[in-house]
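# A closer look at the structure
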Amino acid sequence: MAQSMSFFMVIVLIAFAPICLSTKTYGGYLFPQFYDRSCPQAKEIVKSIVAKAVAKEARMAASLLRLHFHDCFVKGCDASLLLDSSGSIVSEKRSNPNRNSARGFEVIDEIKKALEKECPQTVSCADILALAARDSTVLAGGPNWEVPLGRRDSRGASLSGSNYNIPAPNNTFNTILTKFKLKGLDIVDLVALSGSHTIGNARCTSFRQRLYNQSGNSLPDSTLEQSYAAQLRAKCPRSGGDQTLFFLDFVSPTKFDNSYFKNLLASKGLLNSDQVLVTKNQESLTLVKQYAENNELFFEHFTKSMVKMGNISPLTGSRGEIRKNCRKINKQHEKKE
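Everything in this summary refers to the structure shown in the same document.

What counts, and at which threshold
Residues numbered from 1 in each chain as written. Predicted model: local features only at pLDDT ≥ 70, side-chain atom pairs only at ≥ 80, totals over all residues. Heavy atoms only, no water. 1 Å grid on protein atoms, 1.4 Å probe; cavity = no way out; pocket = protein on both sides within 12 Å on 5 of 7 lines; lining within 4 Å. Points joined across faces, edges and corners; volume = space filled by probe spheres on them. Helix = DSSP H or I, 4+ residues; strand = E, 2+ residues; numbered from the N terminus. Nonpolar A, V, L, I, M, F, W, Y, C, P; charged D, E, K, R; others polar. Axes fitted to C-alpha atoms, helices over the stretch in contact; angles between N-to-C directions. Parallel < 35°, antiparallel > 145°, perpendicular 65-115°, else oblique. Contact = heavy atoms within 4.5 Å. Salt bridge = Lys/Arg side-chain N within 4 Å of Asp/Glu carboxyl O. Buried < 20%, exposed > 50% of the residue type's maximum accessible area, 1.4 Å probe, protein only. Phe/Tyr/Trp six-rings, centres within 6.5 Å; stacked < 30°, edge-to-face > 60°. Lys NZ or Arg CZ within 6 Å of the ring centre and 35° of its normal.

What the rule picks out here adds up to 1 cavity of 30 Å³ or more. Space inside the largest cavity adds up to approximately 60 Å³. As for the largest cavity, its lining consists of His68, Ala130, Trp145, Val147, Pro148, Arg151, Met306, Val307 and Gly310. Looking at the lining of the largest cavity, the element that brings in the most residues is helix α14 (residues 295–310), giving 3 residues. Here the lining of the largest cavity is composed, by residue class, of 6 nonpolar, 2 polar and 1 charged.

Written as structure tokens, this is what we have:
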């Protein structure tokens, strides 16, 4: 009996060895196969709904990718961004970086509804955000990567964290780098992840100061190419038109590629936070040049940085919960974390 039991234990250990290795590889309790048994259709469900949304509106790819970024930089990758205001919770959607700009919530809702039908209270909203970000990148022509899974959802939000932790368009290079370092990310992650601005849009209000009053002297940003600045001023006046949208990468606005970095080298980065990668730090400038010359290198670094960002302070094990509705915490947990 003892002999057969020991043989059984060996078989069990061998069977679970890949999971153990994956856990070690990706950190914490996150690994790509997390839902293979509990919800084997999870990845396909997310992928199909994201594909439908992006086919309907190409801009949605950038919007969903941005949601994951804005979630991870506040309290970690825990879907706190998705919570609406309720009771003691003040929604992060009200913060300066998200108000009137964060979007795609209805796509996440549709994914969650489909997953709840397939496998109730199994797949977290935080993991939906991570998968949707990857799928959006691929659909836009960008790289593919395995997404470590197993995050759980927070029972609270942080409006102040959203206001102060997310890099802003007018932040200095050192401020942006500090915000990345506080999350365990480095300068390579900063430049590679900034490359996500190869798709998507920004509002006039996000870069107006570059056109008219960059340094408080009523002069435009000298690091912005003059003819490009003139084109921007035509649709982004000194006042009014705050919500007018502009492509972050005017060369290939819906294609995920390295043209964003080529634009920076031509002094045609839209946001101040984009252009400072070239003008304020030699190491970041070198990376921009490398990515502009080598799309494969950009893709390689981007995927590694996305996995790294996705590992920022996840709730795992028994911490947090699996929300039934991504916009609100489960009824049995009314208190803020």
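That was the structure; now back to the text.
All right, on to the packing of helix α3 (residues 60–72) against α14 then. Where α3 meets α14, the axes come as close as 10 Å, and the angle between the chain directions of the two elements is 45 degrees. On the basis of the axis angle, α3 is oblique to α14. From α3, Leu65, His68, Phe69 and Cys72 reach across to α14, where they touch Phe302, Met306, Met309 and Gly310. Split by residue class, the contact of α3 with α14 holds 6 nonpolar, 2 polar and no charged.

Moving on, we come to unusual backbone geometry. One non-glycine residue, Gln121, lies in positive phi territory at about 45 degrees. With respect to the element layout, Gln121 can be found in the loop between α4 (105–118) and α5 (125–139). Phi at Ser313 is positive, roughly 40 degrees, even though this residue is not glycine. Mapped onto the secondary structure, Ser313 falls in the segment after α14.

Time to look at the pattern of salt bridges. Summed over all chains, the structure comprises 15 salt bridges. The residue Arg327 makes a salt bridge to Asp84 at a minimum N-O spacing of 3.6 Å. You can see Arg327 sitting in the segment after α14 and its partner Asp84 sitting in the loop between α3 and α4, a full 243 residues away along the chain. Residue classification places Asp84 among the partly exposed residues on the basis of a relative accessible area of 28%. For Arg151, the salt bridge identified is with Asp127, shortest N-O distance 2.7 Å. In this pair, Arg151 sits in the loop between α5 and α6 (159–165) while Asp127 sits in helix α5, placing the two residues 24 residues apart along the sequence. The buried category is assigned to Arg151, whose relative accessible area is 2%. For Asp127, a relative accessible area of 0% translates into the label buried.

For the rest of this paragraph, the subject is the packing of aromatic side chains. Working definition: an aromatic ring pair is given by the centre-to-centre distance plus the angle between the planes. Scanning the model with the defined rule gives 17 aromatic pairs in all. Consider the rings of Trp145 and Phe302, whose centres lie 6.0 Å apart with planes at 80 degrees: the pair is edge-to-face. Residue Trp145 is found in the loop between α5 and α6, and its partner Phe302 is found in helix α14; the two are separated by 157 residues along the sequence. When sorted by exposure, Trp145 lands in the same class as Phe302, which is buried. One aromatic cluster is present, built from ring pairs that chain together Trp145, Phe256, Tyr260, Phe261, Tyr291, Phe298, Phe299 and Phe302. The ring of Phe105 has Lys93 sitting right over it, with the charged end atom 4.3 Å from the ring centre.

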